[in-house]
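For reference, the chains in residue letters:
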Number of protein chains: 2
Amino acid sequence: MAKHCVTFDTAVTPVTVPTGTLLTEAARRAGLNIAQPCGGQGRCGRCAVRVQGGAVRRRSTMRLSAADVAEGYALACQAVVEGDVAVSVPPPEAAERHLSTDLTAVDVAVPLGYDPDHDQTLHRLCLTIPPPTLQDQTDDWCRLHNELCQQTGLSGFQISLPLLQHLGGVLRQEGWQVTAVIDARPPPEPPRLVALLPGHMAEGAPLWGMAVDIGTTTVTVWLVDVHTGQVGAQAAEYNRQVTRGEDVISRIIYASKNHDGAREMRQLVLESINTLVQRAVHRLNIDATDIFKATIAGNSTMMHLLLGLPAATIRLQPFVTAVNHLPLLCAQEVGLHIHPEATVDCLPGVASYVGADITAGVLAAGVDDGERVSLFLDVGTNGETVLGSRDWLVTCACSAGPAFEGAGVHDGMRATRGAIEEVWINSQTFEPTVRVIGSGKPQGLCGSGLICLLAELFVTGLVDKAGHLQPDLPTDRVRHGAQGWEYVVVWGREAAHGRDLVITHADINNLLRAKGAIYAGFTVLADSVGFPLAAVEQVLVGGAFGQYINVEKAIQIGLLPDMPWGCFRFLGNTAVKGAYLALLDHRARARISHIAAHMTYIELSADNSFYDAFIAALFLPHTDLSRFPSVWQQS
Amino acid sequence: MAKHCVTFDTAVTPVTVPTGTLLTEAARRAGLNIAQPCGGQGRCGRCAVRVQGGAVRRRSTMRLSAADVAEGYALACQAVVEGDVAVSVPPPEAAERHLSTDLTAVDVAVPLGYDPDHDQTLHRLCLTIPPPTLQDQTDDWCRLHNELCQQTGLSGFQISLPLLQHLGGVLRQEGWQVTAVIDARPPPEPPRLVALLPGHMAEGAPLWGMAVDIGTTTVTVWLVDVHTGQVGAQAAEYNRQVTRGEDVISRIIYASKNHDGAREMRQLVLESINTLVQRAVHRLNIDATDIFKATIAGNSTMMHLLLGLPAATIRLQPFVTAVNHLPLLCAQEVGLHIHPEATVDCLPGVASYVGADITAGVLAAGVDDGERVSLFLDVGTNGETVLGSRDWLVTCACSAGPAFEGAGVHDGMRATRGAIEEVWINSQTFEPTVRVIGSGKPQGLCGSGLICLLAELFVTGLVDKAGHLQPDLPTDRVRHGAQGWEYVVVWGREAAHGRDLVITHADINNLLRAKGAIYAGFTVLADSVGFPLAAVEQVLVGGAFGQYINVEKAIQIGLLPDMPWGCFRFLGNTAVKGAYLALLDHRARARISHIAAHMTYIELSADNSFYDAFIAALFLPHTDLSRFPSVWQQS
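Residue numbering note: each chain is counted from 1, following its sequence as written. Chains and ligands are labelled sequentially in the order written, the chains with letters from A and the ligands with numbers from 1. The predicted origin of the model limits local features to residues at a pLDDT of at least 70 and limits the giving and counting of side-chain atom pairs to 80 or more, whereas totals for whole chains, interfaces and linings rest on all residues.

## Observations concerning the overall build of chain A
Move 1: Helix and strand definitions follow DSSP, with helices as H or I runs of at least four residues and strands as E runs of at least two, each counted in order from the N terminus. Secondary structure assignment for chain A yields 19 helices and 26 strands.
Move 2: Based on the C-alpha atoms only, the size of chain A along its principal axes is roughly 100 × 75 × 45 Å.
Move 3: In chain A, which comprises 635 residues, the share counted as buried stands at 51%.
Move 4: This entry defines residue contacts through backbone-placed C-beta atoms, with two residues in contact when those atoms are within 7 Å. Pairs at least 24 apart in sequence give 66% of the contacts found in chain A among residues at least 6 apart. Partly exposed residues are those whose C-beta has more than 12 but fewer than 20 other C-beta atoms within 10 Å; with 20 or more the residue is buried, with 12 or fewer it is exposed, and the C-beta atoms are placed from the backbone.

Listed below in structure tokens is the structure:
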């Protein structure tokens, strides 16, 4: 086999490796350690290097933009050597900055009038404590406690044993000048000493907390200076549990198999969070132990797996969680690598399939605060939907299946580079035009692309109301394939992988079931409270996916209710935004508790009307066309 | 060297060993493991075996009664082979029972009118919980919590993460029938779920708590059925820290040397407690995890070393503790091998040298509850003294030194077998008569023997008021020895070790300083509140040592104030009794907090009057004879 010389700019000498060697392996032989947090799966983008010259083949460029690739960037774990190569290894920090622009920018404003003195529970106090004398032999903790009470007007501070063990040393290190970090939640929670540091810290120095959203697919961490409310850094990556199952059900099964399964799942999500924390603190040039408070959102399964709680009952009838309202925990017991005594506030959920991601989302979307009746939804595997206003809230979760996440569909994929995100079909020629994420040749269809495609197939008459492909139209794109009738979206010659890219009859049925389940959820919710769906004043869509939905198309297939486009608002990751708001303001946090406690959960599997509503919604756009006047008028 | 055959009844074959081999070593060679919790120092008595025939020499028979020795018992770690021997090894349990009769019997009555429903915080509840359905998907913890609230009328139960992790499994194991153990302390402490067990336990079954006293010398554990208040088992042994220093000061020095020193001290005392717990639960045929609550007394140094708190500041001016009032902890974080979630209540102390042993003692002695003014004292290395009544309490600790514990005295020893505990001297012949603990030949003098001896020396005129031995009396027992003037208590021919047993001039000075410090403490306390010492109505003496003090003799040397003997009460281990009362009754527990918070501590090293009082008390019985009318009238 041919051998090639690989020169790394940061290595002492070049190495010689055979054709097909991964750059990560070549680097290892050259004595370099290129971090691969995702285990070399090409997922995290942390191993990006710049190929200055020579031949490498990129197996995957996920996490790289076209501009990155044009500049010579490659993922070392996905690039194989095919000739002599000169490689430049960016310092870890630089690699991160470069790639982190890929991540969704933080699009949140500090809440208007945020006042840490009144809103925030985390505080830093500079204390000068009178040292003990023979005349005043008050013990260390009592002496500190007196000072804490005097400065805050509070009493009954809690302290942990590990903190007590270090108290005396810290108090004396800088001559009884200390900085105390306290978490003073509203009663009945007692105020708590979180940390004690020697000396006085600068008044204006940031005080760090973090908001976390544990998504089934993506974990997001925001580091927040709770003094100003500013997000100082954010980081996101795939939830490492993804390798043990794409959706919550398969993860519960994995975790329930044996004791180690649950332990492993817990470890994986902790690794995800802790890695993100490391990335974020590195960027801010602070230490992870400078983070004293964490507020965590996530669906009920994610929360259970994070905390090592048995999740099996979530999956099995009658679908109950171990706990929806968790007590306050500390970082050490959870396993978060921030300050070991940092308060960890896991936000409360409502039910097995309406978790803290939804309660946080309802807060972030302001549903519980509005006079108008809103429909809030988080489209994904489980279409979690909330209907209500400041006066009442009802919620349900419909098992839509993973079709909108690109799974269970022949050429489905996630919304990453190479995914078709939009489709237009010429109603005369039935020829499609597609838009691909990151340009380049298409590899498959992501959720927004599938919605678009189905809508176009419908409005051009390629499929009928029941979702059947029409074989007699003058186009060779409708054909009978191995799995029945199908429509060719991209011919093999134009596709990245050289194969025809199709949507099959079975795919269409899956999409109909997914959209039908979600729409049926709306119907059942509205019926349950006797509120006409048509009277809903706004539709608030959470979740990263929501941002890419084409409203017109979603209405055309009957996924979203038929309302003027101005009624729709796409809010991005409402879960992490809700966690952020709860991190900042104890009243926001109390609102989430109130939402979780007062939202009425409707279990669709126990609701007879759901099945009827589901069947009615399996048509395009719906059996009852009066529900979709805009679509009906078009067609 | 001669070889001998040793046959153990529990070993497969005999072993042959040379003369002088320890029985423990012979047993090891025979494949037997004889437990030596004290490390083979002959201290614990756990390795007792019965020599059925043959020649062994007992180096030490400490922990064995004369009857034991007569029956052939020997401590395997102290017995050397001197001929062919047949040895019977009692099963560990039998050995323990046999020897545990040595320990002070539990001399405590269940408090009159003890009513666990009202007094006790620990409760066991049998719950039948409605299982979840599709119509009621309340989560596991909320479901259990509702039932707890309904049965108790309380709310806001706390639960730990480990308990949450096992909740679902336990609830379903016996079809939603569970037994909950809760600890419901008065507010502001929230009620807490301590344990959840599958199925319903029998109503009348005992519910175990434990009271612990960590003495500098001895650790005592009482297992208590909190339903009845009965002490089910008790066990005591040397505090294993003894090998790292006899008194608190040397232990603090050891613990402060390096990080490992503190860790080691913590480990040693935990081993002591956990071993005692094992012995006690074995006797009751229960499991250590059946103990759900622990209340711990002990001096401040012991408490600090138990919890890994730095103790160095206790020893150094201005003598402050890290903490006097400890938060409630759980067994797991403390390191106690009982139920991991069991509440551990470390009783509060007052100051560095007035710890929880004294606050518990004050409670047990009822000082804080009496209309009459009492003097409470715990004679030991530190003469901790409390003066007061229900209206006021003052306390001090005088560094008396270890003379009364037999240390720092030429022929001093602990109050174990072979120690002279009483002495009478003929005032004509100056010849002494002695009583020895456990009969047999005397080996030394313990504290009570020293008090007796000093009193007799004084009343017979062998020493004068200043404590000087009188060399001109017609007796050869007063002589000039290597260390100055001395009095021979036992001639070598009558002593166990064959050497003359003496009390030296230096010994007498040590004893005078010890008794002078303690008496000066009384004086300062009384003066501090302007209460005449003579007006004290009763003297309550705590501590095991107190039980053996001869009041007449103690008054004669000026150790105890001159009062009618009927005013003295000897209460034994008041620390463990106080812990027991606090374990049973939350009002007793609150009283200890009140005692700790309200008792005025007088730091003698900062009190100018102490030195004068000390100098005045260095005489026999005192410079001011009017304080000791009964002694004055005698002499």
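## A closer look at the packing of helix α12 (residues 356–365) of chain B against helix α16 (residues 574–584) of chain B
All names here are of chain B.
Move 1: One can describe the packing of α12 onto α16 by two numbers: an axis separation of 7 Å at closest approach and a directional angle of 75 degrees. With respect to their mutual orientation, α12 and α16 come out roughly perpendicular. Where α12 abuts α16, its residues Asp-357, Ala-360, Gly-361, Leu-363, Ala-364 and Ala-365 lie against Thr-574, Ala-575, Lys-577, Gly-578, Ala-579, Leu-581 and Ala-582.
Move 2: Its residues assigned to classes, the contact of α12 with α16 shows 8 nonpolar, 3 polar and 2 charged. Between N-to-C directions, angles span 0 to 180 degrees; the directions come from axes that are lines fitted to C-alpha atoms, helices contributing only their stretch in contact. Angle categories: roughly parallel below 35 degrees, roughly antiparallel above 145, roughly perpendicular from 65 to 115, and oblique for all the rest. Under the scheme applied, nonpolar residues are Ala, Val, Leu, Ile, Met, Phe, Trp, Tyr, Cys and Pro; charged residues are Asp, Glu, Lys and Arg; polar residues are all the others, including Gly.

## Looking at the nonpolar core
Move 1: Throughout this description, the term nonpolar core refers to a group of buried Ala, Val, Leu, Ile, Met, Phe, Trp, Tyr and Cys residues whose C-beta atoms join them within 7 Å. The biggest cluster of nonpolar side chains holds 345 residues, and the ones touching the most others in it are Val-221, Val-489 and Ala-579 of chain A together with Met-210, Val-221, Val-489 and Ala-579 of chain B.
Move 2: In this structure Val-221 of chain A touches Met-210, Val-212, Gln-234, Ala-235, Ile-273, Leu-276, Val-277 and Ala-280 of chain A, once residues within four positions along its chain are discounted.
Move 3: By size, the runner-up hydrophobic cluster in this structure holds 27 residues, among which are Val-15, Ala-27, Cys-77 and Val-89 of chain B.

## Notes on the interface of chain A and chain B
In many analyses, interface size is given as the accessible surface area lost on bringing the parts together.
Move 1: Each partner contributes to the interface: chain A provides 39 residues, whereas chain B provides 39 residues.
Move 2: The set of elements that each furnish at least two residues to the side of chain A that touches chain B consists of α5 (140–152) and α6 (161–173) of chain A.
Move 3: The element that contributes the greatest number of residues to the side of chain A that touches chain B is α6 of chain A, accounting for 6 residues.
Move 4: Residues that form the side of chain A that touches chain B fall into these classes: 21 nonpolar, 14 polar and 4 charged.

## Considering helix α13 (residues 447–459) of chain B
Residues and elements named next belong to chain B.
Move 1: With 13 residues, α13 ought to run about 18 Å at 1.5 Å a step, and its terminal C-alpha atoms sit 18 Å apart, in line with that.
Move 2: Most of α13 sits inside the fold, with 12 of its 13 residues counted as buried.
Move 3: Listing the buried residues of α13 in full gives Gly-447, Ser-448, Gly-449, Leu-450, Ile-451, Cys-452, Leu-453, Leu-454, Ala-455, Glu-456, Leu-457 and Phe-458.
Move 4: For α13, the secondary structure elements touched by its buried residues are β18 (419–425), β20 (444–445), β22 (484–490), β23 (501–504), α14 (505–528) and α15 (551–556).
Move 5: The positive-phi residue at the C-terminal boundary of α13 is Gly-461, with phi of around 80 degrees. In this analysis, the expected span of each helix is defined as 1.5 Å times one less than the number of residues it contains.

## Some words on the relation of the copies chain A and chain B
Move 1: Superposing the copies works by least squares over the C-alpha atoms of residues that have pLDDT at least 70 in both of them. If you rotate chain A by 180 degrees and push it 0.1 Å along the axis, it lands on chain B with an RMSD of 0.3 Å. Here the two chains are linked by the operation of a two-fold rotation axis. Among all residues of chain A, the minimum C-alpha distance to the rotation axis is found for Pro-188 of chain A, at 4.4 Å.

## What to know about the domain arrangement of chain A
All names here are of chain A.
Move 1: As far as domains go, chain A holds domain 1 (3–100), domain 2 (116–198), domain 3 (208–346), domain 4 (357–402 + 512–634) and domain 5 (405–507).
Move 2: Taken together, the contact pairs 11 residues of domain 2 with 10 residues of domain 3.
Move 3: Contributions of two or more residues to the side of domain 2 that touches domain 3 are made by β7 (177–183) and β8 (192–198).
Move 4: When residues in the side of domain 2 that touches domain 3 are grouped by element, the largest group, 3 residues, is from β8.
Move 5: Across the side of domain 2 that touches domain 3, the residue classes tally to 6 nonpolar, 2 polar and 3 charged. Domain start and stop positions are those given by an automatic or database domain assignment.

## A look at unusual backbone geometry
Residue and element names in this part refer to chain A.
Move 1: The linkage connecting Pro-187 with the following residue, Pro-188, adopts the cis geometry, with an omega of 5 degrees.
Move 2: Among the structural elements, Pro-188 can be located in the loop between β7 and β8.
Move 3: Residues other than glycine seldom take positive phi values, yet Phe-430 does so here, at roughly 60 degrees.
Move 4: Within the secondary structure, Phe-430 sits in the loop between β18 (419–425) and β19 (432–436).

## Re the sheet that holds β18 of chain B
Residue and element names in this part refer to chain B.
Move 1: Overall, mixed pairing links the 3 strands, which are arranged β19-β18-β20 in an open sheet. Taken across any chain shown, the strands that pair with only one partner, and hence form the sheet edges, are β19 (432–436) and β20.
Move 2: Strands qualify as paired when DSSP identifies two bridges or more between them. Pairing of β18 with β19, which is carried by 5 bridges, proceeds in the antiparallel orientation. Bridge pairing in β19 links Glu-422 to Arg-435.
Move 3: Across the face of the sheet, α13 comes into contact with β18 and β20 while running at roughly 15 degrees to β18.

## Comments concerning the pairing of β19 of chain A
Move 1: The alternating pattern of β19 of chain A places Pro-432, Val-434 and Val-436 of chain A on a buried face and Thr-433 and Arg-435 of chain A on a face that is not buried.
Move 2: Adjacent in sequence and paired antiparallel, β18 of chain A and β19 of chain A are bridged by 6 residues, among which Phe-430 of chain A carries a positive phi angle near 60 degrees.

## A short note on the environment of Leu-122 of chain B
Residues and elements named next belong to chain B.
Move 1: With respect to the helices, strands and loops of the structure, Leu-122 is situated in strand β6 (residues 122–128).
Move 2: It is 9.8 Å that separates the C-alpha atoms of Leu-122 and Pro-191, two residues lying 69 residues apart in sequence.
Move 3: Beyond its immediate sequence surroundings of up to four residues, Leu-122 is in contact with Val-181, Asp-183, Leu-207, Gly-209, Val-226, Phe-292 and Lys-293.

## Re the sheet that holds strand β5 (residues 79–88) of chain B
Adjacent strands of a sheet pair through backbone hydrogen bonds, lying either parallel or antiparallel.
All names here are of chain B.
Move 1: Taking strand neighbours across the sheet as the criterion, the 5 strands line up as β2-β1-β5-β3-β4 in an open arrangement whose pairing is mixed. With partners counted over all chains shown, the strands left at the sheet margins are β2 (15–18) and β4 (73–75), one partner each. Direction aside, neighbouring strands of the sheet carry axes that sit 50 degrees apart on average.
Move 2: With 3 bridges connecting them, strand β1 (residues 3–8) and β5 associate as parallel partners. If you follow Thr-7 over to β5, its bridge partner there is Ala-86.

## Considering the pairing of strand β10 (residues 218–225) of chain B
A regular strand carries its side chains on alternate faces of the sheet.
Residues and elements named next belong to chain B.
Move 1: Counting buried residues along β10, 6 of its 8 residues qualify, which places the element largely inside the surrounding structure.
Move 2: With 7 bridges connecting them, strand β9 (residues 208–214) and β10 associate as antiparallel partners. Within the sheet, the bridge partner assigned to Gly-209 lies in β10 and is Val-224.
Move 3: Hairpin connection between β9 and β10: a loop of 3 residues separates the two successive antiparallel strands.
Move 4: As consecutive antiparallel partners, β10 and strand β11 (residues 231–238) are separated by 5 residues, and within that stretch Gly-229 has a phi angle of approximately 85 degrees, a positive value.

## Some remarks on the packing of helix α5 (residues 140–152) of chain B against helix α6 (residues 161–173) of chain B
All names here are of chain B.
Move 1: For the pair α5 and α6, the least separation of the axes is 10 Å and the interaxial angle reads 75 degrees. Viewed along their axes, α5 and α6 adopt a mutual orientation that is roughly perpendicular. Across the interface between the two elements, Asp-140, Trp-141 and Leu-144 of α5 pack against Leu-164, Leu-167, Gly-168 and Leu-171 of α6.
Move 2: Looking at the contact of α5 with α6, its residues break down into 5 nonpolar, 1 polar and 1 charged.

## Overview of helix α17 (residues 586–598) of chain B
Residues and elements named next belong to chain B.
Move 1: The end-to-end C-alpha separation of α17 is 18 Å, in line with the 18 Å expected for 13 residues at 1.5 Å each.
Move 2: Here α17 has its buried residues at Ala-588, Arg-589, Arg-591, Ile-592, Ile-595 and Ala-596. Within α17, the buried residues cover an arc of 155 degrees as seen down the axis, which keeps them to one side. In α17, the exposed positions that point more than 90 degrees away from the buried face belong to Arg-587 and His-598.
Move 3: Packed against the buried residues of α17 are α12, β17 (393–399) and α16. What the arc measures is the spread of directions leading from the helix axis to the C-beta atoms.

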